[in-house]
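# Fold and contact review
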Amino acid sequence: VQLQASGGGLVQAGGSLRLSCAASERIFNYYLMGWFRQAPGKEREFVSAITWGAGNTVYADSVKGRFTVSRDYAKSTIYLQMNSLKPEDTAVYYCARKSDDSIATVTSARRYDVWGQGTQVTVLQ
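Below is a short write-up of the structure. (Residues numbered from 1 in each chain as written. Predicted model: local features only at pLDDT ≥ 70, side-chain atom pairs only at ≥ 80, totals over all residues. Heavy atoms only, no water.)

### Structural notes on the pattern of salt bridges
Side-chain pairs of opposite charge can arise whenever the charged atoms involved come near each other. Scanning the entire structure with this criterion turns up seven salt bridges. Two residues, R66 and D89, come together in a salt bridge whose shortest N-O distance is 2.7 Å. Here R66 is found in the loop between β6 (57–59) and β7 (67–72), whereas its partner D89 is found in the loop between β8 (77–82) and β9 (91–98), with 23 residues between them in sequence. Here R111 makes a salt bridge to D100, at a shortest N to O gap of 3.9 Å. In this pair, R111 is assigned in the loop between β9 and β10 (114–115) and D100 in the loop between β9 and β10, connecting sequence segments eleven residues apart. Residue classification places R111 among the partly exposed residues on the basis of a relative accessible area of 42%. Each of R37, E45, R66 and D89 takes part in salt bridges that share partners, so that together they form one network. (Salt bridge = Lys/Arg side-chain N within 4 Å of Asp/Glu carboxyl O. Helix = DSSP H or I, 4+ residues; strand = E, 2+ residues; numbered from the N terminus. Buried < 20%, exposed > 50% of the residue type's maximum accessible area, 1.4 Å probe, protein only.)

Nothing here speaks to function; it is all geometry.
Set out below in structure tokens:
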């Protein structure tokens, strides 16, 4: 399977962007799909995730209340709606697939086995 992330761009602080991540194959109900980001000089960090079957969601504290993850079952696509963007949200955003839907390990990048190519999000002051 391949994941294709898109939707990044340049936006003013306080603005919004919606990222998309399309899978080339069917996503099974026992999978979990996640979003991570990596800023220059920093480690990749967890942003959000959604279980494909039940649609349960998880968010990092830094984005809670501003970002919303969702899925389109028919299109095998997940979305990340990002509102009230801040300069500290600037990063390359990656989508990834985790081959189980355990929430307990959702923040660990090592538990994801397929990654998209990343899309740049830049938030200006």
